[in-house]
Amino acid sequence: MVALICFVLAALASPFKSKSRLEAENAVLRHQLIVLRRKVRGRAHLTNNDRGFFVQMYRWFPSILKVVTIIEPETLVRWHRAGFRCYWRWKSRSRGGRPQIEIELRALIRQMSTDNQLWGAPRIHGELLKLGFSVAQSTVATYMVKRRGPSSQGWRTFLRNHAPDIAAMDLFVVPTIGFKLLYGFMIVRLDRRDLVWINVTTKPTAEWVARQITEAFPWNESPRYVIRDRDRIYGTVVTRRLRAMGIRDKPIAPSSPWQNGLAERLIGSIRRECLDHIIVSDEAHLLRILKSYADYYNSVRTHWSLHKDAPISRPIHQTGSVRSHPILGGLHYHYFRI
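Residues numbered from 1 in each chain as written. Predicted model: local features only at pLDDT ≥ 70, side-chain atom pairs only at ≥ 80, totals over all residues. Heavy atoms only, no water.

**Thoughts on the overall build of the chain**
Here's step 1: What the chain contains, in helices and strands, is 12 helices and 7 strands.
Here's step 2: For the chain, with 338 residues in total, the buried portion stands at 32%.
Here's step 3: Sequence-distant contacts in the chain: of pairs separated by 6 or more residues, those separated by 24 or more amount to 51%.
Here's step 4: For the chain, the accessible area works out to roughly 23300 Å², and carbon and sulfur atoms hold 56% of it. (Helix = DSSP H or I, 4+ residues; strand = E, 2+ residues; numbered from the N terminus. Buried < 20%, exposed > 50% of the residue type's maximum accessible area, 1.4 Å probe, protein only. Contact = heavy atoms within 4.5 Å. Areas by Shrake-Rupley, 256 points an atom, 1.4 Å probe, with all protein chains shown as cover.)

Written as structure tokens, this is what we have:
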């Protein structure tokens with residue numbers, strides 16, 4: 001812009017100069033440009049101010065294209081057209097229209113579209129209307145999370161819908177004070193992680209396991225599927241009992257305990273939180289300990305997967321003084337208000 005101002009000042013002073021003097025100055029300037037072009041190799045580096053100067057001069061005096069030497073005439077014309085487009089883009093900018101919705105409402109729309117994979121814009125718009133939000137359906141469609149491919153539920157939703165009909169069972173070994181082996185048998189439901197049955201025996205057999213399954217599930221509360229490993233103890237007697245109760249057993253693949261991960265995780269909790277700290281004397285002692293731990297596990301112990309709740313949901317008490325009750329001789333404590 002400094003060059004443009006200097007040109008304006010020179011134009012104002014030109015009437016006071018002779019014509020021969022102006023022609024001499026122009027000839028000298030042109031010759032200097034020729035000398036500079038011999039020295040500079042390649043394309044000249046121009047700034048935006050330089051481009052603006054040439055474009056403005058072209059607007060005032062289109063005939064300067066004949067004397068331009070450091071750039072091509074087509075380049076100057078292209079700069080002028082690009083500047084014209086930018087000018088009209090600025091002049092045609094939006095000065096009104098529909099105002100943007102609040103940030104909280106935009107976040108709510110994205111949350112609804114993320115949580116409900118099967119919902120479209122009409123369904124989300126209807127929910128927003130019921131919540132008192134006045135917003136257009138087209139606006140809801142604009143702020144929804146864009147998905148690739150058809151809508152589909154996630155694995156978490158799929159598993160939650162099938163978990164109430166699935167249980168898992170497994171056996172674990174516990175040594176006594178005299179190094180005698182006892183066998184614990186447990187059944188857990190996948191929905192609320194509740195330990196529905198636990199018992200102890202010295203000699204597990206298929207008939208004994210079948211009897212435990214019958215005692216664990218009433219006929220109207222049995223699950224549809226039971227996950228088990230491929231232990232030989234689950235013989236024909238067990239499979240027949242399951243089929244008679246309307247239960248389909250699902251044996252895991254060989255040497256794949258992670259396929260029965262919930263039962264393995266529960267057995268690990270029983271060991272870490274109970275059996276690793278107690279020396280078992282006999283079968284009755286172990287049964288009493290496991291029954292006590294099962295009551296603690298179902299009614300008191302909180303679980304991460306249940307949002308810090310117990311399998312048998314514990315109510316929240318906010319009034320009263322806090323008291324504690326020892327469990328397993330003080331190995332764990334139950335805190336409550338009275």
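Additional details are given in the paragraphs that follow.
**A short note on the pairing of strand β4 (residues 225-228)**
On a regular strand, each side chain points to the face opposite its neighbour's, so the side chains alternate between the two faces of the sheet.
Here's step 1: With 3 bridges connecting them, strand β1 (residues 166-175) and β4 associate as parallel partners. Looking at the pairing, Ala167 lines up with Val226 of β4.
Here's step 2: Bridging between β4 and strand β5 (residues 248-251) involves 4 bridges; their strand directions are parallel. Bridging from a neighbouring strand, Val226 pairs with Asp249 of β5.
Here's step 3: Between the parallel elements β4 and β5, the chain passes through helix α10 (residues 236-244) in a crossover that is right-handed. (Pairing = 2+ DSSP bridges. Right-handed = clockwise from strand over helix to strand, strands pointing away.)

**With respect to the sheet that holds β1**
Here's step 1: What the 5 strands build is an open sheet, ordered β3-β2-β1-β4-β5; its pairing is mixed. The sheet is open, and its two edges are formed by β3 (195-201) and β5, each paired on a single side. Put simply, the sheet's adjacent strands are angled 25° from each other on average, direction ignored.
Here's step 2: Each of β1, β2 (181-189) and β3 touches helix α11 (residues 261-273); the most contacted strand, β1, lies at about 35° to it. (Axes fitted to C-alpha atoms, helices over the stretch in contact; angles between N-to-C directions.)

**Quick notes on the packing of aromatic side chains**
Here's step 1: For the structure on display, the rule yields 7 aromatic pairs.
Here's step 2: Seen in terms of ring centroids, Tyr293 and Tyr296 are 5.9 Å apart; in terms of plane orientation they differ by 55°. Their pairing is tilted. Here Tyr293 and its partner Tyr296 are both found in helix α12 (residues 283-299), 3 residues apart, which amounts to about one turn of the helix.
Here's step 3: For Tyr293, a relative accessible area of 1% gives the class buried.
Here's step 4: When the centroid spacing of 6.1 Å and the interplanar angle of 35° are considered together, the rings of Tyr293 and Tyr297 count as tilted. (Phe/Tyr/Trp six-rings, centres within 6.5 Å; stacked < 30°, edge-to-face > 60°.)

**Considerations on α10**
Here's step 1: Among the residues of α10, Val238, Thr239 and Leu242 are the ones counted as buried. The arc enclosing the buried residues of α10, seen along the axis, measures out at 95°, which places them on a common side. Away from the buried face of α10 by more than 90 degrees, exposed residues Arg240 and Ala244 are located.
Here's step 2: The inward-facing, buried residues of α10 abut β1, α9 (206-216), β4 and β5. (Arc of directions from axis to C-beta.)

**Side note on the packing of α9 against α10**
Here's step 1: As a packed pair, α9 and α10 sit with axes 8 Å apart at the nearest point and diverge in direction by 20°. When the axes of α9 and α10 are compared, the pair comes out roughly parallel. Crossing of α9 against α10: the hand is right-handed. Contacts between α9 and α10 involve Ala206, Glu207, Val209, Ala210, Arg211, Ile213 and Thr214 from the first element and Val237, Val238, Arg241 and Leu242 from the second.
Here's step 2: Residues of the contact of α9 with α10, tallied by class, amount to 7 nonpolar, 1 polar and 3 charged. (Parallel < 35°, antiparallel > 145°, perpendicular 65-115°, else oblique. Left-handed = near helix turned anticlockwise from the far one by under 90°. Nonpolar A, V, L, I, M, F, W, Y, C, P; charged D, E, K, R; others polar.)

**Considerations on a nonpolar patch on the surface**
Here's step 1: Together, Phe84, Tyr87, Trp88 and Trp90 make up a nonpolar patch on the protein surface, roughly 470 Å² of accessible area in all.
Here's step 2: Along the chain, the position of Trp90 falls in helix α4 (residues 73-91). (Patch = residues over 30% accessible without salt bridge, like charges linked within 9 Å, V, L, I, M, F, W, Y side chains within 5 Å. Salt bridge = Lys/Arg side-chain N within 4 Å of Asp/Glu carboxyl O.)

**A short note on the pattern of salt bridges**
Here's step 1: Applying the stated criterion across every chain yields a total of 4 salt bridges.
Here's step 2: Between Asp249 and Arg228 there is a salt bridge, with the nearest N and O atoms lying 2.7 Å from each other. Of this pair, Asp249 sits in strand β5 while Arg228 is found in strand β4, placing the two residues 21 residues apart along the sequence. With respect to burial, Asp249 and Arg228 carry one shared label: buried.

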